[in-house]
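Each chain, written out:
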Amino acid sequence: MIPLYDYSLDELSQKLQKKEVSSVELTQSVLKRIEETKAKLNTFITLTKESALQTAKTVDQKRIKGEVLSPLAGIPIALKDIFLTQGIKTTCCSKILSQFIPPYDSTVVKRLKQNDVVLVGKLNMDEFAMGSSNENSCFGPVKNPWDLERTPGGSSGGSAAAVAASQCLGAFGTDTGGSIRQPASLCGVVGIKPTYGRVSRYGIIAFASSLDQVGPFGKRVKDVAHLLKAVAGRDSMDSTSADMKVPDYTQFLTKDIKGLKIGIAKEYFIKGMEASTEKVVHKAIDHLKKLGAKIIDVSLPHTSYAVPTYYLIATAEASSNLARYDGVKYGYRAKASTLQEMYRKTRGEGFGREVKRRIMLGTFVLSSGYYDAYYKKASQVRTLIKRDFDEAFKHCDLIVTPTSPTTAFKLGEKMEDPLQMYLSDIFTISANLAGLPGLVLPCGFDEKNLPIGLQILGPHFKEEKIFHLAYAYEQSTEWHQRKPTV
Amino acid sequence: MTSYEAVIGLEVHAQLKTKSKIFCGCSTEFNAKENENTCPVCTGMPGSLPVLNKKAVEFALKMAMATQCTIHEKSIFARKNYFYPDLPKGYQISQYDKPLAVQGKVGKVRIHRIHMEEDAGKNIHGTVSSYVNLNRAGIPLIEIVSEPDMRSSQEAGEYLRELRSMLRYLDICDGNMEEGSFRCDVNISIRPLTQKEYGTRAEIKNINSFRFVEKAIEYEIERQKEVLESGKRVVQETRLWDSEKNQTFSMRSKEEAHDYRYFPDPDLLPLQIPNTWIEDVKKSIPELGAQKKERFMNQYGLTEYDAGLLVQEKELAQYFEEVVQICQQPKLASNWILSELLRETTATQIAASPISSKHLGELIKLIQKGTISGKIAKTIFEKMWNSGQSPKTIVEKEGLVQVSDENVIRQWVEEVLKNNQKFVDEYRAGRTKLLGFFVGEIMKKSQGKANPATIHEILKKKLDSKGE
């Protein structure tokens, strides 16, 4: 018999609605799975067993009473430890916040609670979402369920690995330069970074405010569609959240993609990309063609500027966003005899190496005399990158690209070479700079049996188009049915 | 010896009196308990985001319009980054290269810019520990930066009072320097009268009264003069005013100045001000002090000095006009308010005066009609102040109505003349100065109630008709 945790979210949603299983049974199954596997994977920072079972019980009672419930009601999910959860420790996997218990819920958490979701715990990540391998966590790295010696990707590595290993039916992460899509690719699950402004950022610990966006992970495209629908939409607490209607994404999941125009950009097939990845992605594109899609060549000429542009803008914003961790009001405080010493020691001891590196970079690029050359110039290039996409989408409906130039690399492999590490986000960063939605789903495996993800990029607020293509591809392939053995 | 001229520019921070803070819904009430008016947003909790208070923008727009500034259709909020315990996010949300408004004018002084920002909290230093109170953090401020157009402490004082009056007329700021809702930094340099270029300036902070602003400027002019006369150079620096020693002292030099690393705040969209909004706000701008003063002079024939005093506070000007409306005597009303009422209370407290504008108007009307004498009116005024009763009530209760009945007055006159035959003779012999003495005696006899004009008339007739 298949254990409950091994089904997809959508399948379990049906079973719950038909009362074939209860949320308590499902939650117990998931909690047991977590217990069996969490030490191997190092995915969970905090488990909320008791409140999870309590919620599950309440949902079951509601269902018995015949209340109309959300498709997500009673479904166990987990959150990257960057979402503020009232009364539940939220650390961002930083020593500086290791004891921080938030006084309020993020908007995403509030909406999930309104959907009667069962929260089973908080997931490991790179400190302050800075990293591509999950090795920058003060709680140690997450292991990739497909190969425990390898990285799950980052920064939402815990979220991707937990979903891949069936420790939850869905998870939420954040994506500033690829932090949802790259780990989804490396762990063989589905993940979407929606349009900037689609999901409220209120109550999510900020890394780079103009790039950060929330998104879900799931085993299937439909699972992710359910999860995004639940949290998307205008929030009066976030001035940058868009006042636009949220469609029911599950209504767009059809298999017919005849005539859909798919753009392929040559700038996304570069030297240094692993041959197996390139081959697999091309095969996926051929497959789309067979399904009836029209393949069109498009050009995104400023693509090569994306990584440097990103590391100017993201670090500048981060240097300011992280100024509040000064030991005054909450979090870690070093012992010191003067104010200046308290600041220096608190931040020196509380932040990890990568975070400090980025704060210094960002402080530098904003400095008087350098602002125009760096931050301002980067903002201008950002506009050019955005225009590239505007132009491309005049000729196609969606753009399909590889997600990461490599499959999961070994833990420790790139830790001493930050530049090499930064390049693992080379295909994902542009979407953040342009504010575009992008989804990643499994499209094959390399010779080491490591998953490879296909990225689908769409125009602003056209997530439903992306879901449509992703679903058609998923349903006509078998990749999503492979599971790692943990 | 070289003659010098001071060049002065002022930066004024005015707290806007919106009900809630600029980026969250917390109350701005002044007397709350420590950290009572705080939430995740104004305490800079991780994950919190600012949402702009529209009312604060509206208030700032009012000032921008009152100072004839050009309002930017699109302005940008920027982060000013620095570390201080009273600054919970590690940056202040302010405006930098695209402020709300630029290029205005207040009297002769040009306004460089007006921008919006959030206030910081307050550090409180105990003997062992220091504390932070964040009630003030996030209260909306406007910063009004003048051009260096003032040349003396007096001009600076006048400009500052005018700004304060505008803010109070617009009802957008208390203008209370002692409580810190109106704060002023002074930029000052001096130069030889013959020199065109500005000298090196010092910035003076921490001045919490109008008088201190003037004193600090005067002190600084003398200090910089001495520096130059001794052959040294003025250093560009920030100085603080010490109100006990009556002097400024150096806080930090330019070299130690912060690099604030301003950049556009990505959490806030650009502030768009459509024309329709500007038009709406324009309609809500009342007549301001300067215009009112002009009008008072023209409409009521008041002197510039009196009109200036009456318009110093909106409430006072309003009180005056209410009194005039009842008594139709603008000059009398002005005199009574300026010399009698303001002896008892202040312009800002006028609304709480126990003598309402209606009652004062009625009092003046009673004098005008001759119902009471001017002398009795002062007594009645005192009683009104103490009891809050109407002049009519007091007059009736105490029988203070002026006596104009000729028969009654004639009797008092005759009695007084009879009792002072000696002086009557002297008067008739040419000592006409004695007239005042007779009037005083008659008034005394009437307990102040006799109509002085009637006394005069009858008395003259009696004295001049010799041998009756």
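**Considering the overall build of chain B**
For step 1, the next point in the chain: Helix and strand content of chain B: 15 helices and 16 strands.
For step 2, the next point in the chain: A compact globule built from 468 residues would reach a C-alpha radius of gyration of about 23 Å, whereas chain B, at 31 Å, exceeds it by more than 25%.
For step 3, the next point in the chain: Dimensions of chain B, computed from C-alpha atoms along their principal axes, come out at roughly 100 × 60 × 50 Å.
For step 4, the next point in the chain: Across the 468 residues that make up chain B, the buried fraction comes to 53%.
For step 5, the next point in the chain: Taking the contacts inside chain B whose residues are at least 6 apart along the sequence as the reference set, 68% of them involve residues at least 24 apart.
For step 6, the next point in the chain: With an accessible surface of roughly 23,100 Å², chain B has 48% of that area assigned to carbon and sulfur atoms.

**Here we look at the domain arrangement of chain B**
Residue and element names in this part refer to chain B.
For step 1, the next point in the chain: According to the domain assignment, chain B consists of domain 1 (8-188 + 254-281), domain 2 (289-398) and domain 3 (406-464).
For step 2, the next point in the chain: The straight-line distance from the C-alpha centre of domain 1 to that of domain 2 is 37 Å.
For step 3, the next point in the chain: Where domain 1 touches domain 2, the interface holds two salt bridges.
For step 4, the next point in the chain: Here domain 1 is connected to domain 2 by four residue pairs in polar contact (both at pLDDT 80 or more).
For step 5, the next point in the chain: Taken together, the residues of the side of domain 1 that touches domain 2 break down into one nonpolar, one polar and four charged.

**What to know about the pairing of strand β1 (residues 4-15) of chain B**
All names here are of chain B.
For step 1, the next point in the chain: In terms of residue burial, β1 counts as a mostly covered element, since twelve of its twelve residues are buried.
For step 2, the next point in the chain: Taking every second residue as pointing to the same face, both faces of β1 are buried, with Tyr4, Ala6, Ile8, Leu10, Val12 and Ala14 on one and Glu5, Val7, Gly9, Glu11, His13 and Gln15 on the other.
For step 3, the next point in the chain: Here β1 runs beside strand β11 (residues 182-192); their pairing, made up of eleven bridges, is antiparallel. From the neighbouring strand, tyrosine 4 faces β11, where its bridge partner is proline 192.
For step 4, the next point in the chain: Taken together, the five bridges between β1 and strand β10 (residues 140-146) define a ladder with antiparallel strand orientation. Within β10, the position partnered with alanine 14 by the bridge is isoleucine 142.

**A few points about the interface of chain A and chain B**
Often the size quoted for an interface is simply the accessible area lost on bringing the parts together.
For step 1, the next point in the chain: Each partner contributes to the interface: chain A provides 38 residues, whereas chain B provides 31 residues.
For step 2, the next point in the chain: Roughly 2,700 Å² is buried in total at the junction of chain A and chain B, and carbon and sulfur atoms are behind 60% of that figure.
For step 3, the next point in the chain: Here chain A is connected to chain B by one salt bridge.
For step 4, the next point in the chain: The partner of A:Arg201 in a salt bridge is B:Asp267, with the nearest N and O atoms 3.1 Å apart.
For step 5, the next point in the chain: Taken together, chain A and chain B are joined by 17 residue pairs in polar contact (both at pLDDT 80 or more).
For step 6, the next point in the chain: For the side of chain A that touches chain B, the secondary structure elements donating two or more residues are α9 (306-321), α10 (339-350) and α11 (353-366) of chain A.
For step 7, the next point in the chain: A total of five residues in the side of chain A that touches chain B trace back to one element, the largest contributor, which is α9(A).
For step 8, the next point in the chain: Partitioned by chemical class, the residues of the side of chain A that touches chain B number 19 nonpolar, twelve polar and seven charged.

**Structural notes on unusual backbone geometry**
Residue and element names in this part refer to chain A.
For step 1, the next point in the chain: Each neighbour pair has its own omega, and for glycine 154 with serine 155 the value is 5°, a cis peptide bond.
For step 2, the next point in the chain: Along the chain, the position of serine 155 falls in the loop between β3 (118-123) and α5 (157-164).
For step 3, the next point in the chain: Its identity is not glycine, yet cysteine 93 carries a phi of approximately 55°, on the positive side.
For step 4, the next point in the chain: Position of cysteine 93 relative to the elements: it lies in the loop between β2 (76-80) and α4 (107-114).
For step 5, the next point in the chain: The exposure class assigned to cysteine 93 is buried, which follows from its relative accessible area of 0%.
For step 6, the next point in the chain: In this structure, asparagine 449 takes a positive phi of about 60° despite not being glycine.
For step 7, the next point in the chain: Mapped onto the elements of the fold, asparagine 449 is located in the loop between β10 (438-445) and β11 (451-457).

**Description of the confidence of the model for chain B**
For step 1, the next point in the chain: Mean pLDDT over chain B stands at 90; residues scoring 70 or higher make up 99%.
For step 2, the next point in the chain: Scoring the predicted complex yields pTM 0.90 and, for the interface, ipTM 0.95.

**Considerations on the pattern of salt bridges**
All names here are of chain A.
For step 1, the next point in the chain: Across all of its chains, the model carries 57 salt bridges over all chains by this definition.
For step 2, the next point in the chain: For glutamate 149, the salt bridge is made with lysine 410, and the minimal N-O distance between the two is 3.9 Å. Remark: lysine 410 occurs in the loop between β9 (398-402) and α13 (418-422) and glutamate 149 occurs in the loop between β3 and α5; sequence separation between them is 261 residues.
For step 3, the next point in the chain: Taking the relative accessible area as the measure of exposure, glutamate 149 reaches 51% and is therefore exposed.

**Some details on a positive patch on the surface**
For step 1, the next point in the chain: Judged by side-chain charge, A:Lys376, A:Lys377, B:Lys74 and B:Lys98 come together as a positively charged surface patch.
For step 2, the next point in the chain: With respect to the helices, strands and loops of the structure, A:Lys377 is situated in helix α12 (residues 372-392).

**Observations concerning the pairing of β10(B)**
For step 1, the next point in the chain: For β10(B), the buried fraction is high: seven of the seven residues fall into the buried class.
For step 2, the next point in the chain: What you see with β10(B) is no split at all: B:Pro140, B:Ile142, B:Ile144 and B:Ser146 on one side and B:Leu141, B:Glu143 and B:Val145 on the other are buried throughout.

**With respect to helix α4 (residues 275-283) of chain B**
Structurally, the α-helix is built with 3.6 residues per turn, so residues lying three or four positions apart point the same way.
All names here are of chain B.
For step 1, the next point in the chain: Within α4, the full set of buried residues consists of Trp277, Ile278 and Val281. One face of α4 carries all of its buried residues, which in axial projection span an arc of 100°. Among the exposed residues of α4, those pointing more than 90 degrees away from its buried face are Asn275, Thr276 and Lys283.

**Section: the sheet that holds strand β5 (residues 91-95) of chain B**
For step 1, the next point in the chain: Across the sheet, three strands lie side by side as β5-β4-β15 (chain B); this open sheet has antiparallel pairing. Two strands bound the open sheet, and with one partner strand each, they are β5 and β15 (263-264) of chain B.
For step 2, the next point in the chain: Pairing of strand β4 (residues 77-81) of chain B with β15(B) involves two bridges; the strand directions are antiparallel. Pairing of B:Ala78 across the sheet is with B:Pro264, part of β15(B).
For step 3, the next point in the chain: The sheet contacts of α9(A) involve β4, β5 and β15 of chain B, and relative to β4(B) the element is tilted by about 65°.

**Notes on helix α5 (residues 289-300) of chain B**
All names here are of chain B.
For step 1, the next point in the chain: For α5, built from twelve residues, the straight-helix expectation of 16 Å at 1.5 Å per residue is met to within 8% by its first-to-last C-alpha distance of 15 Å.
For step 2, the next point in the chain: Taken together, the buried positions of α5 are Gly289, Lys292, Phe296 and Tyr300. End-on, the buried residues of α5 take up no more than an arc of 55°, which puts them together on one face.
For step 3, the next point in the chain: In this structure, the buried residues of α5 make contact with α2 (153-169), α6 (304-310), α7 (314-327) and α8 (330-344).

**Here we look at the packing of helix α14 (residues 435-445) of chain B against helix α15 (residues 452-464) of chain B**
Residue and element names in this part refer to chain B.
For step 1, the next point in the chain: In the contact formed by α14 and α15, the axes pass within 10 Å of each other and the chain directions differ by 125°. One finds that α14 runs oblique with respect to α15. Crossing of α14 against α15: the hand is right-handed. Here α14 contributes Leu435, Phe438, Val439, Ile442 and Met443 to the contact with α15, which in turn contributes Pro452, Ile455, His456, Leu459 and Leu463.
For step 2, the next point in the chain: When the residues that make up the contact of α14 with α15 are grouped by side-chain class, the tally is nine nonpolar, one polar and no charged.

Each value, and the rule that gives it
- Residues numbered from 1 in each chain as written.
- Chains lettered and ligands numbered in written order.
- Predicted model: local features only at pLDDT ≥ 70, side-chain atom pairs only at ≥ 80, totals over all residues.
- Heavy atoms only, no water.
- Helix = DSSP H or I, 4+ residues; strand = E, 2+ residues; numbered from the N terminus.
- Rg over C-alpha atoms; globule rule 2.2 N^0.38 Å.
- Buried < 20%, exposed > 50% of the residue type's maximum accessible area, 1.4 Å probe, protein only.
- Contact = heavy atoms within 4.5 Å.
- Areas by Shrake-Rupley, 256 points an atom, 1.4 Å probe, with all protein chains shown as cover.
- Domains from an automatic or database assignment.
- Salt bridge = Lys/Arg side-chain N within 4 Å of Asp/Glu carboxyl O.
- Polar contact = N/O pair within 3.5 Å; in protein donor to acceptor, adjacent residues only side chain to side chain.
- Nonpolar A, V, L, I, M, F, W, Y, C, P; charged D, E, K, R; others polar.
- Pairing = 2+ DSSP bridges.
- Buried area = accessible area lost by both parts, 1.4 Å probe.
- pLDDT = per-residue confidence, 0-100.
- Patch = residues over 30% accessible without salt bridge, like charges linked within 9 Å, V, L, I, M, F, W, Y side chains within 5 Å.
- Lys, Arg positive; Asp, Glu negative; His and termini not counted.
- Charge placed at Lys NZ, Arg CZ, Asp CG, Glu CD.
- Arc of directions from axis to C-beta.
- Axes fitted to C-alpha atoms, helices over the stretch in contact; angles between N-to-C directions.
- Expected span 1.5 Å × (residues − 1).
- Parallel < 35°, antiparallel > 145°, perpendicular 65-115°, else oblique.
- Left-handed = near helix turned anticlockwise from the far one by under 90°.

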